[in-house]
Amino acid sequence: MKKVMLCTAFSLLIVPMSAFASSDESKVYEVDNTIYDLKRAPEKSFSPPRIDGESDNQVQASAPYWSASSSYTFSLGAVSKSDSYTSSTKKTRKQIYIYAKTKAYVNGVFKGSSSDTQKKSSRAGASFFAKKNFTAKGEAVGSHEFRHSGYKTWIVETEGT
């Protein structure tokens, strides 16, 4: 009888705890014209809204298009890249303030980091080579920032294996 009651009490504790799990919705938010996107994925892209709220077709056609990515390979280690374009076709690059930082982990242990900041460029990239063997699990966690006059800033995180 005690075992049944103990198991029941334990299972009641598990159910409410899962209700407090964080949702992806709370990982994207805006503060003072900066959009924070902390949901981790290997690659993300974004076309920022204007600060003044204009949304006519001509303004939207000239809006920048930003791309962020992170990956981890045996030969290169952790790599994070930030790219800025004039549109989602990614044919023409747009110069802005752009930043990329990568943090390297092997089997969950932090190995090091590297960053790159460019004030008038369309690309920033950072890499950190962490020695690992074929059976080790490597991971790159990237932090990126994109700023362009008249548009909201985008700060984003990426994660690649």
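In case you missed it, the structure is sitting above this.
Below: a short report on this structure. (Residues numbered from 1 in each chain as written. Predicted model: local features only at pLDDT ≥ 70, side-chain atom pairs only at ≥ 80, totals over all residues. Heavy atoms only, no water.)

A few points about the pairing of strand 9 (residues 138-147)
- With nine of 10 residues buried, strand 9 is to be regarded as a mostly interior element.
- The pairing of strand 6 (residues 96-106) with strand 9 spans 10 bridges and is antiparallel. Counterpart to Ala100 in the pairing with strand 9 is His144.
- Of the strand pairs in this sheet, strand 9 and strand 10 (residues 153-160) are connected by seven bridges, and their pairing is antiparallel. Directly across from Val141, in strand 10, lies its bridge partner Glu159.
- From the end of strand 9 to the start of strand 10, which pair antiparallel, there are five residues, and Gly150 there has a positive phi angle of about 90 degrees. (Buried < 20%, exposed > 50% of the residue type's maximum accessible area, 1.4 Å probe, protein only. Helix = DSSP H or I, 4+ residues; strand = E, 2+ residues; numbered from the N terminus. Pairing = 2+ DSSP bridges.)

A look at the pattern of salt bridges
- Under the defined criterion, the tally for this structure stands at nine salt bridges.
- With a closest N to O distance of 2.6 Å, Asp83 and Arg123 form a salt bridge. Residue Asp83 is found in strand 5 (residues 77-85), and its partner Arg123 is found in strand 8 (residues 123-128); the two are separated by 40 residues along the sequence.
- Each of the salt bridges in this network shares a partner with another, and the network as a whole consists of Arg40, Glu157 and Glu159. (Salt bridge = Lys/Arg side-chain N within 4 Å of Asp/Glu carboxyl O.)

So, the side chain of Asp116
- By secondary structure assignment, the location of Asp116 is in strand 7 (residues 109-121).
- Look at Asp116: it is buried, it has no salt bridge, and the nearest opposite charge is Arg123 at 8.2 Å.
- Once residues lying within four places of it in the same chain are set aside, the contact partners of Asp116 are Ile98, Tyr99, Ala100, Ala124, Gly125 and Ala126. (Lys, Arg positive; Asp, Glu negative; His and termini not counted. Contact = heavy atoms within 4.5 Å.)

Side note on the sheet that holds strand 7
- Read from one edge of the open sheet, six strands run 1-2-10-9-6-7, paired in mixed fashion. Each of the sheet's edge strands pairs with one partner strand only, and the pair in question is strand 1 (28-31) and strand 7. Each neighbouring strand pair of the sheet contributes to a mean axis angle of 15 degrees, computed without reference to strand direction. (Axes fitted to C-alpha atoms, helices over the stretch in contact; angles between N-to-C directions.)

Comments concerning the environment of Ala130
- For Ala130, the position within the fold is in the loop between strand 8 and strand 9.
- Owing to a relative accessible area of 6%, Ala130 belongs among the buried residues under this scheme.
- Sequence separation between Ala130 and Phe110 is 20 residues; the distance between their C-alpha atoms is 9.5 Å.

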